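Listed below are the residues making up each chain.
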Amino acid sequence: MASKAEAFIVTSFRPVLAELPNGAHIPDSAQFRNALHGLEFFIPELLRDLHPEWKNESLDGVLPLVARKIGDAAVEIFGLCIIISDQTTTPIYVRFQLSPAGDEVSWVECKLGEAGEQGMVRSEYKSVSATNNRLHALSGKADTIDWVYRITYGQRRG
């Protein structure tokens, strides 16, 4: 049975993806921002299952640099997320696929946090322009980041 957060992202992302062809960029809209809001709850749930340090941690935003439909009811998002406890940002890369029926995610791959000398690299979330600069500095680097957290479950269809 899906959690409330999982059911929320499924019902939020399904209409966002419905009219888009595979490979299309997901345009900004109130509906898409609402769907991203659901990730603030779903991703920490995933992390809490394997990483006890996430028991009292959460996200306060997902700021996409890349957001696109990558297949049948499948999404890819790469950008920054805001850690709620200290209002810092760190990279995030998440791909997931909605189940064909019901309110579950059938497959997910989530990577969060860039590894640094002192643990996870966190940048202060202080302004839109600084955050945009950080986002654009990440462009094309999803595969080169040494990720702190990695979670994959399920099997992707098609």
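Up top is the structure these notes are about.
As the structure is a computational prediction, the values presented were derived from the model and not from experiment.

Caption draft 1: Geometry of the state of the cysteines. Summed over the entire model, instances satisfying the criterion amount to zero disulfides. Here Cys81 is not cross-linked by a disulfide; its sulfur's nearest cysteine counterpart is in Cys110, at 8.1 Å.

Caption draft 2: The nonpolar core, seen in detail. Within the largest apolar cluster, 37 residues are counted, with the highest numbers of intra-cluster contacts made by Phe13, Leu39, Ile43, Ile77, Phe96 and Leu112. Elements with a contribution of two residues or more to this core: α1 (4–18), α2 (30–50), β1 (59–71), β2 (74–83), β3 (88–98), β4 (105–116) and β7 (147–154). Excluding residues that lie within four positions of it along the chain, Ile77 makes contacts with Phe13, Leu36, Leu39, Val62, Pro64, Val66, Ala67, Ile92, Tyr93 and Val94. Counting eight residues, the second-largest nonpolar core is a separate cluster that includes Leu80, Leu135, Leu138 and Ala142.

Caption draft 3: Main features of the side chain of Glu40. Take Glu40: it is sitting in helix α2. Comment: no salt bridge for buried Glu40; closest opposite-charge side chain is Arg33, at 10 Å. Ignoring any residue separated from it by four or fewer positions in sequence, one finds Glu40 in contact with Ser58, Leu59, Asp60, Gly61 and Val62.

Caption draft 4: Representation of the pairing of β2. Along β2, ten of the ten residues are buried, which leaves the element largely enclosed by surrounding structure. Pairing geometry for β1 and β2, over ten bridges, is antiparallel. Bridge pairing links Arg68 to Glu76 in β2. Here β1 folds back onto β2 in antiparallel fashion, the turn holding two residues, of which Ala73 has a positive phi close to 55°. In the sheet, β2 pairs with β3 via ten bridges, with the strands oriented antiparallel. The residue of β3 that forms the bridge with Glu76 is Arg95.

Caption draft 5: The environment of Pro21, seen in detail. Note on placement: Pro21 falls in the loop between α1 and α2. Take Pro21: its relative accessible area is 52%, and that puts it in the exposed class. Distance from Pro21 to Asp72, taken between C-alpha atoms, is 8.9 Å for residues 51 residues apart in sequence.

Basis of the calculations
Residues numbered from 1 in each chain as written. Predicted model: local features only at pLDDT ≥ 70, side-chain atom pairs only at ≥ 80, totals over all residues. Heavy atoms only, no water. Disulfide = S-S within 2.5 Å. Core = buried A, V, L, I, M, F, W, Y, C linked by side-chain atoms within 4.5 Å. Buried < 20%, exposed > 50% of the residue type's maximum accessible area, 1.4 Å probe, protein only. Helix = DSSP H or I, 4+ residues; strand = E, 2+ residues; numbered from the N terminus. Contact = heavy atoms within 4.5 Å. Lys, Arg positive; Asp, Glu negative; His and termini not counted. Salt bridge = Lys/Arg side-chain N within 4 Å of Asp/Glu carboxyl O. Pairing = 2+ DSSP bridges.

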